[in-house]
Amino acid sequence: MKELKQRLLYFAKTLKEHTEYIDYSSMGHLETTAAKTKESTMNEIGDMFLEILELDNKTFQNWLNQEEDE
């Protein structure tokens, strides 16, 4: 289980730190905007993923129970 958590932490950090390649000389406005949006989305998913991985088990279980009750 510890190895799985390490792998998930690595994946989450990779998402959080992802930088999309943008070539301003060959990409148009639409392509640049799409690349920036993709990068932002991946970074936000990484942040959320890290937040979940950093929760202790009790807090995580309480969070899941709240989701089931709604």
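Residues numbered from 1 in each chain as written. Predicted model: local features only at pLDDT ≥ 70, side-chain atom pairs only at ≥ 80, totals over all residues. Heavy atoms only, no water.

1. Examining helix H3 (residues 57–69)
Turn by turn, an α-helix covers 3.6 residues, leaving residues three or four places apart pointing in a common direction.
No. 1: Taking 1.5 Å of rise per residue, 13 residues should cover 18 Å, and H3 covers 18 Å from first to last C-alpha, within 8% of that figure.
No. 2: For H3, the capping residue at the N-terminal end is Asp 56, with a side-chain oxygen 3.2 Å from the backbone nitrogen of Lys 58. (Helix = DSSP H or I, 4+ residues; strand = E, 2+ residues; numbered from the N terminus. Expected span 1.5 Å × (residues − 1). Polar contact = N/O pair within 3.5 Å; in protein donor to acceptor, adjacent residues only side chain to side chain.)

2. With respect to a negative patch on the surface
No. 1: A cluster of acidic residues, Glu 67, Glu 68, Asp 69 and Glu 70, forms a negative patch at the surface.
No. 2: In this fold, Asp 69 is placed in helix H3.
No. 3: Overall, the relative accessible area of 68% leaves Asp 69 in the exposed class. (Patch = residues over 30% accessible without salt bridge, like charges linked within 9 Å, V, L, I, M, F, W, Y side chains within 5 Å. Areas by Shrake-Rupley, 256 points an atom, 1.4 Å probe, with all protein chains shown as cover. Salt bridge = Lys/Arg side-chain N within 4 Å of Asp/Glu carboxyl O. Lys, Arg positive; Asp, Glu negative; His and termini not counted. Charge placed at Lys NZ, Arg CZ, Asp CG, Glu CD. Buried < 20%, exposed > 50% of the residue type's maximum accessible area, 1.4 Å probe, protein only.)

3. Observations concerning the packing of helix H1 (residues 2–16) against helix H2 (residues 29–53)
No. 1: Two elements in contact, H1 and H2, have axes separated by 7 Å at closest approach and are oriented at 150 degrees. What the angle tells us is that H1 and H2 run roughly antiparallel. Between H1 and H2 the crossing geometry is left-handed. Across from Lys 5, Leu 8, Leu 9, Phe 11, Ala 12, Lys 13, Leu 15 and Lys 16 in H1, the residues of H2 making contact are Met 42, Asn 43, Ile 45, Gly 46, Asp 47, Phe 49, Leu 50 and Leu 53.
No. 2: Looking at side-chain class alone, the contact of H1 with H2 contains 10 nonpolar, two polar and four charged residues. (Axes fitted to C-alpha atoms, helices over the stretch in contact; angles between N-to-C directions. Parallel < 35°, antiparallel > 145°, perpendicular 65-115°, else oblique. Left-handed = near helix turned anticlockwise from the far one by under 90°. Contact = heavy atoms within 4.5 Å. Nonpolar A, V, L, I, M, F, W, Y, C, P; charged D, E, K, R; others polar.)

4. Observations regarding the layout of surface pockets
The gaps of empty space that remain are located by a probe, the size of a water molecule, rolled over the atoms.
No. 1: Quantified by volume, the largest pocket comes out at close to 290 Å³.
No. 2: Along its surface, the largest pocket is lined by Met 1, Leu 4, Lys 5, Leu 8, Ile 52, Leu 53, Leu 55, Asp 56, Asn 57 and Phe 60.
No. 3: Counting only elements with at least two residues in the lining of the largest pocket, the list comes to H1, H2 and H3.
No. 4: Among the elements that take part in the lining of the largest pocket, H1 stands out by supplying three residues, more than any other.
No. 5: Per-class residue counts for the lining of the largest pocket are seven nonpolar, one polar and two charged. (1 Å grid on protein atoms, 1.4 Å probe; cavity = no way out; pocket = protein on both sides within 12 Å on 5 of 7 lines; lining within 4 Å. Points joined across faces, edges and corners; volume = space filled by probe spheres on them.)

Keep in mind these numbers describe shape, not what the thing actually does.
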